[in-house]
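Residues per chain are reported as follows:
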Amino acid sequence: MPSRRRALHTRQLTFRQLEIFQAVAEAASFTRAGEALSLTQSTVSTQVRKLADVVEAPLFELIGKRVYLTDTGQALLDGSRELFGALDRLEERLAELKGLQRGTLKVAMVTTAKYVAPRLLGPFCARHPGLDVQLKVGNRQQVIDRLAANADDLYVFSHPPQELDIVAVPLVDNPLVVIAPAAHPLAGRRRLRWRQLQAGPWLMREAGSGTRLAIERHMARHGWSLMPRMVIESNEAIKQSVASGLGLSILSRHTLEAAGSTGLAVLDVQGFPIRTRWSLVHLREKRLSVVARAFLDFVNEVGAQVLSPPA
Ligand code: PGA
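The paragraphs below set out a description of the structure included in this document. Please read all numbers here as calculations on a predicted model, not as lab measurements.

Basis of the calculations
- Residues numbered from 1 in each chain as written.
- Predicted model: local features only at pLDDT ≥ 70, side-chain atom pairs only at ≥ 80, totals over all residues.
- Heavy atoms only, no water.
- Core = buried A, V, L, I, M, F, W, Y, C linked by side-chain atoms within 4.5 Å.
- Buried < 20%, exposed > 50% of the residue type's maximum accessible area, 1.4 Å probe, protein only.
- Helix = DSSP H or I, 4+ residues; strand = E, 2+ residues; numbered from the N terminus.
- Contact = heavy atoms within 4.5 Å.
- Arc of directions from axis to C-beta.
- Polar contact = N/O pair within 3.5 Å; in protein donor to acceptor, adjacent residues only side chain to side chain.
- Phe/Tyr/Trp six-rings, centres within 6.5 Å; stacked < 30°, edge-to-face > 60°.

### Here we look at the nonpolar core
Soluble globular proteins: nonpolar side chains tend toward being buried together. Among the nonpolar cores identified, the biggest contains 37 residues, and Leu-105 and Phe-295 are the most heavily contacted of them. Elements that contribute at least two residues to this core include exactly β3 (104-110), α6 (117-127), α7 (140-148), β5 (154-157), β6 (166-173), β12 (277-283) and α11 (290-306). Discounting residues that sit within four places of it in the chain, Phe-295 has contacts with Leu-105, Leu-120, Leu-121, Phe-124, Leu-154 and Leu-280.

Next up, the structure:
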């Protein structure tokens, strides 16, 4: 079997011999290869001769003072480069796996995204059980402050800041809908007009909230207005307040998927939902950790599937 015979030959080569041979071939000089590897010229020559014995053919020709590769030498050089390339890739992969066995993923996200983030983080942690995840949740301004301070690996926003140099990967739609108490007289009516609702009274998120920013932009675009009666800093508290009849509000539809959403109705209003979309963001200059890169890859792979928007 000829292939078996070849295998027996080449497996007698050592990595060290190949390294020395490659240095000679690339420097076209035994002396310079010896200097580069801190070896005497005779050690270099001995190792190259041993290699030539193994492959049963000369590797170099000396013409004048110059060293030329023979065809066998060229084949060995090609094989050696491939082999060391494969070893480099193996080393990188092993280092990555080590990092993925006990790294930490730091993510900060806006309040609305926390309703869907577990759908991504759950399967990612199941795939890499040794990882820790540190999850911070805040309003848009608080998450921007963390991004500007380079406090985390990755961030989730509906409205990534324009003023910072970032990379933003679109994730999934985050529609904002008008909510009312289930018993509201307009609940169940079709195609309501904004002026039927304008008087509210309206419960609004605080300044710094991305939800509020999206509502204000939407109002300005349509020439509408909305006077908040109460400012409430939490989506959950807004839901409770709306359900108990304190007023109407505009919130991410995703917040309604969570528990505590009974007693609420989504109103069918012309010009709604307000269409926003989350993005996964990092600073352009950020040196992403192995774990953060793995999470980005994971999001690219399964994000669209697990984060599909609510009907
Ligand atoms: P926030 O999140 O209202 O809590 O800032 C909103 C968003 O940007 O989706």
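Now, onward.
### A short note on the environment of Leu-121
You can see Leu-121 is positioned in helix α6. Classification of Leu-121 as buried rests on a relative accessible area of 11%.

### Description of helix α10 (residues 235-243)
Taken together, the buried positions of α10 are Asn-235, Ile-238, Lys-239, Ser-241 and Val-242. Buried residues of α10 fall within an arc of 165° about the axis and therefore sit on the same side. In this fold, the buried residues of α10 make contact with β7 (176-181), β8 (202-204), β10 (249-252) and β11 (264-267). The distance from a side-chain oxygen at the start of α10 to the backbone nitrogen of Glu-236 is 3.2 Å, and the residue carrying that oxygen is Ser-234. Downstream of α10 by one or two residues, Gly-245 has phi in the positive range, about 90°.

### Digging into the packing of aromatic side chains
Scanning the entire structure with this criterion turns up nine aromatic pairs. Ring geometry for Phe-21 versus Phe-60: centroids 5.5 Å apart, planes at 45°, classification tilted. Of this pair, Phe-21 sits in helix α2 (residues 15-27) while Phe-60 sits in strand β1 (residues 60-63); the two residues are 39 residues apart in sequence, bridging distant segments of the chain. Using a relative accessible area of 0% as the deciding quantity, one classes Phe-21 as buried. In this structure Phe-60 comes out as buried when scored by relative accessible area, which is 14%. Among the aromatic side chains, those forming a connected cluster through ring pairs are Trp-194, Trp-202, Trp-224 and Phe-272.

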